[in-house]
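# Coordinate analysis (summary)
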Amino acid sequence: MQLPKAHTELVKQLLGDEFPQWEKSFGEAPPVSIRVNPLKWKNNYPGTRIPWCETGYYLPSRPSFTMDPFFHAGYYYVQEASSMGIEQAMNQLVDLSKNVKVLDLCAAPGGKSTHLLSLITENSLLVSNEVIRSRANILVENLVKWGRDNFIVTNNDPEHIGELTEFFDVMLADAPCSGEGLFRRDHDAMKEWSAGAVELCTMRQRRIILDAWPALKENGFLIYSTCTFNEEENEKNIVWLKEKIKFESVELQFPADWGIVETKKNGIHGYRFFPHRLKGEGFFLTVLQKKEHSSSKPGKQKPVMNLLNNREKELVKNYVNDPARFDFFSFDGLVTLFRKTISSEMQTVCRRLNVVHAGLAIAELAKGLKAVHPLAVSTELNRRNFPEVELSKEDALKFLAREEVKLVGEKTGMTLVTFKGAPLGWLNALGNRANNLYPKEWRIRHL
């Protein structure tokens, strides 16, 4: 692999005598890793566990994830191992037995957001933001498949996020970067690299943090991460921010045999994942604890969502387990559920930000309250309320490709499709034939 010369010179300065080992690692195949969904995957996974992530596993080889129905059912997420290091920051910073409000500021495609959902309580709130609208749709897909309901996906500039003053206990900023740490698995990133791109990313990262900073509570934590090596986007960026905002750099603890390298620069603690020292790609992590109060900012507010009327609620309340835990709303043409414990906070976000998806959508209002896909893959689905059809792997893949699936026997109405017990979506059964209701934009395109 021919790495950019200017890039290798930067890494030589950074690593010194370790540079030959680092360079050699780029000739090795990148490890394959996944993180299982603890609310769906109940058995032990047959892989080697990633030391810094309780639910992360290395695989011996890369299977065809696209052809695995469990992948589409949200039973696991394919994620680079080093980036799972945020779990250690969350474990060491936050009492995860308590309810918290968390922001994933640059969230698409959703690896870290699904990870955060697995770490926080069901009565905590995750807001996952993505500034690029098309990428926000991918984020929705991955979060919906994960099966939780305590999240909101937004499509906002960080400046607008900052208007939600002192709202979040934790903010994760996995900032857009030059991607140096992913060169061996992403050759396009390597081709696009330049010193100018590094400078551009550095400026963008600073603006993102400064704009969103007011939304973090005083004494709250900002987890800043990149998948790049250079100091400009990492330690030097944080040193520069120290002149603009008030925070303390937080020290984390990692066992020495994990191979994670601690750096210190002008009082800033940073943590680096190098591919020659551990089984993962390049990654940088640091934590800032906010030590100032942000004044409230005025922001536009949209109308409050409408509560569902009693007649409509009665028709759908048994779609979920223990419906008394939820407020039922009509939102964007859908029956949408918010947990009562966080309903007020979720409504606040919906009033202030541009929301793409919120809570748990269970039915379409305009079509006789017909169940919708997020309900099918939700861990809150009341499966006793719907007939089910179990498919072979061949037929399950046809269903996921949105092809016709033939049913055996007479079935009518909304029918839950499963593979080895894992819910995949809905069929509208019409006797011995059925309409495939799997989301068109999520379908497998090539069987």
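Everything numeric in this text was worked out from a predicted model, so none of it was measured. Within any chain, residue numbers begin from 1 and follow the written order of that chain's sequence. Given that this is a predicted model, residues contribute local features only at a pLDDT of at least 70 and side-chain atom pairs are listed and counted only at 80 or more, while totals for whole chains, interfaces and linings are drawn from all residues. As a rule here, side-chain values come from all non-hydrogen atoms in the structure, and water together with hydrogens is ignored.

### Some words on the overall build of the chain
The helix and strand tally for the chain stands at 14 helices and 23 strands. Here the chain has a C-alpha radius of gyration of 23 Å; the compact-globule value for 447 residues is 22 Å, and the two agree. Its C-alpha atoms put the chain at 70 × 50 × 35 Å along the principal axes. Buried residues are those whose accessible area, probed at 1.4 Å on protein chains only, stays under 20% of the maximum for their type, while exposed residues exceed 50% and partly exposed ones sit between those limits. Evaluated residue by residue, the chain yields a buried proportion of 58% over its 447 residues. Should any heavy atoms of two residues lie within 4.5 Å, those residues are considered in contact. By sequence separation, contacts in the chain at least 24 residues apart represent 72% of the contacts at least 6 residues apart. For helices the rule is a DSSP run of H or I covering at least 4 residues; for strands it is a run of E covering at least 2, with both sets numbered from the N terminus onward. Radius of gyration: over C-alpha atoms. The globule rule applied is 2.2 Å multiplied by the number of residues raised to the 0.38 power.

### Observations concerning the packing of helix 4 (residues 86-93) against helix 5 (residues 111-119)
At their nearest, the axes of helix 4 and helix 5 sit 11 Å apart, and the two run at 35° to each other. The two elements helix 4 and helix 5 cross, and the hand of that crossing is right-handed. In this structure, helix 4 uses I86, E87 and M90 to contact helix 5, whose residues at the interface are K112, H115, L116 and L119. Residue polarity follows a fixed list, in which Ala, Val, Leu, Ile, Met, Phe, Trp, Tyr, Cys and Pro are nonpolar, Asp, Glu, Lys and Arg are charged, and the others, Gly among them, are polar. Its residues assigned to classes, the contact of helix 4 with helix 5 comprises 4 nonpolar, 1 polar and 2 charged. To obtain an axis, a line is fitted to C-alpha atoms, over the contacting stretch when the element is a helix, and the angle between two such axes runs from 0 to 180 degrees between their N-to-C directions. Take the far helix as the reference: if the near one is turned anticlockwise from it by less than a right angle, the crossing is left-handed, and if turned clockwise, right-handed.

### Some thoughts on the packing of aromatic side chains
Side-chain rings of Phe, Tyr and Trp (the six-membered ring for Trp) are treated as a pair once their centres are within 6.5 Å; stacked means planes under 30 degrees apart, edge-to-face means over 60, and tilted covers the remaining angles. What the rule picks out here adds up to 23 aromatic pairs. Ring centres 6.3 Å apart and planes at 65° place the aromatic pair W41 and Y76 in the edge-to-face group. In this pair, W41 is assigned in the loop between strand 1 (32-36) and strand 2 (48-49) and Y76 in strand 4 (residues 76-78), connecting sequence segments 35 residues apart. Grouping residues by exposure puts W41 and Y76 together as buried. Clustering of aromatic rings is evident, with ring pairs tying together W41, F65, F70, F71, Y75, Y76 and F419. Over a ring means this: the NZ of a Lys or the CZ of an Arg is within 6 Å of the ring centre and within 35 degrees of the ring normal. Sitting over the face of the ring of F247, K242 holds its NZ or CZ atom 4.7 Å from the ring centroid.

### A word on the sheet that holds strand 20 (residues 388-390)
The pairing criterion for strands is at least two bridges between them, as found by DSSP. Read across the sheet, 4 strands follow the order 20-21-22-23 without closing on themselves; strand pairing throughout is mixed. The open sheet has two free edges, formed respectively by strand 20 and strand 23 (433-436), since each of these has just one partner strand. Strand-to-strand twist in this sheet, taken as the mean axis angle between neighbours without regard to direction, amounts to 40°. The pairing of strand 21 (residues 411-419) with strand 22 (residues 422-431) spans 9 bridges and is classified as antiparallel. Bridging from a neighbouring strand, G413 pairs with A429 of strand 22.

### A few points about the environment of T341
Mapped onto the fold, T341 is located in the loop between strand 16 (334-339) and helix 12 (343-352). Exposure remark for T341: the relative accessible area of 51% places this residue in the exposed category. The sequence separation of T341 and L391 amounts to 50 residues, and the corresponding C-alpha distance is 37 Å. Polar contacts, as counted here, are pairs of nitrogen or oxygen atoms within 3.5 Å of one another; within protein the pair requires one atom able to donate a hydrogen and one able to accept it, and residues that are adjacent in sequence qualify only if both atoms are side-chain atoms. Side chain to side chain, T341 and N123 meet in a polar contact 2.6 Å long.

### Structural notes on the sheet that holds strand 19 (residues 370-371)
Pairing is antiparallel across the open sheet formed by 5 strands, whose spatial order is 14-15-16-18-19. At either margin of the open sheet sits one strand with a lone partner, and together these are strand 14 (306-307) and strand 19. For strand 16 and strand 18 (residues 360-364), the ladder comprises 4 bridges, and the chain directions are antiparallel. The residue of strand 18 that forms the bridge with T336 is A361. Strands strand 15 (326-331) and strand 16 of the sheet are contacted by helix 12, whose axis makes an angle of about 125° with strand 16.

### Quick word on unusual backbone geometry
Following A108, the chain continues to P109 via a peptide bond in cis, the omega torsion being 5°. Looking at where P109 falls in the secondary structure, it is placed in the loop between strand 5 (101-104) and helix 5. One non-glycine residue, E166, adopts positive backbone phi at about 50°. In this fold, E166 is placed in the loop between helix 7 (158-161) and strand 8 (168-174).

### Comments concerning the nonpolar core
The nonpolar side chains of a soluble globular protein tend to be buried with one another. As used here, the term nonpolar core means buried Ala, Val, Leu, Ile, Met, Phe, Trp, Tyr and Cys residues forming a set that is joined through side-chain atoms within 4.5 Å. Grouped together as the largest cluster of nonpolar side chains are 78 residues, with contacts concentrated most on W52, M90, L93, I223, L285 and F399. Among the elements that line this core, the one with the most residues is helix 6 (residues 133-146), at 6 residues. Residues within four places of L93 in sequence aside, it is in contact with F221, I223, V250, L252 and V287.

### Comments concerning the side chain of T8
Position of T8 relative to the elements: it lies in helix 1 (residues 5-15). Judged by its relative accessible area of 11%, T8 falls in the buried class. A polar contact of 2.7 Å, which involves the side chain of T8, links it to the backbone oxygen of K5. Those residues in contact with T8 that lie beyond four places of it in its chain are L3 and F19.

### Observations regarding the packing of helix 5 against helix 6
Across the interface, helix 5 lies against helix 6 with an axial gap of 9 Å and an inter-helix angle of 30°. With respect to helix 6, the axis of helix 5 lies roughly parallel. With respect to the hand of their crossing, helix 5 and helix 6 are arranged in right-handed fashion. Residues S113, T114, L117 and S118 of helix 5 form the contact with helix 6, whose participating residues are L139, N142, L143 and W146. Looking at the contact of helix 5 with helix 6 residue by residue, the class counts come to 4 nonpolar, 4 polar and no charged. Oblique is the label for any angle not covered by the other classes, which are roughly parallel (under 35 degrees), roughly antiparallel (over 145) and roughly perpendicular (65 to 115).

### Description of the environment of Q92
Positionally, Q92 belongs in helix 4. If near-sequence neighbours (up to four positions away) are discounted, Q92 is found in contact with L252 and Q253. Only 2.8 Å separates the side chain of Q92 from the backbone nitrogen of Q253, close enough to count as a polar contact.

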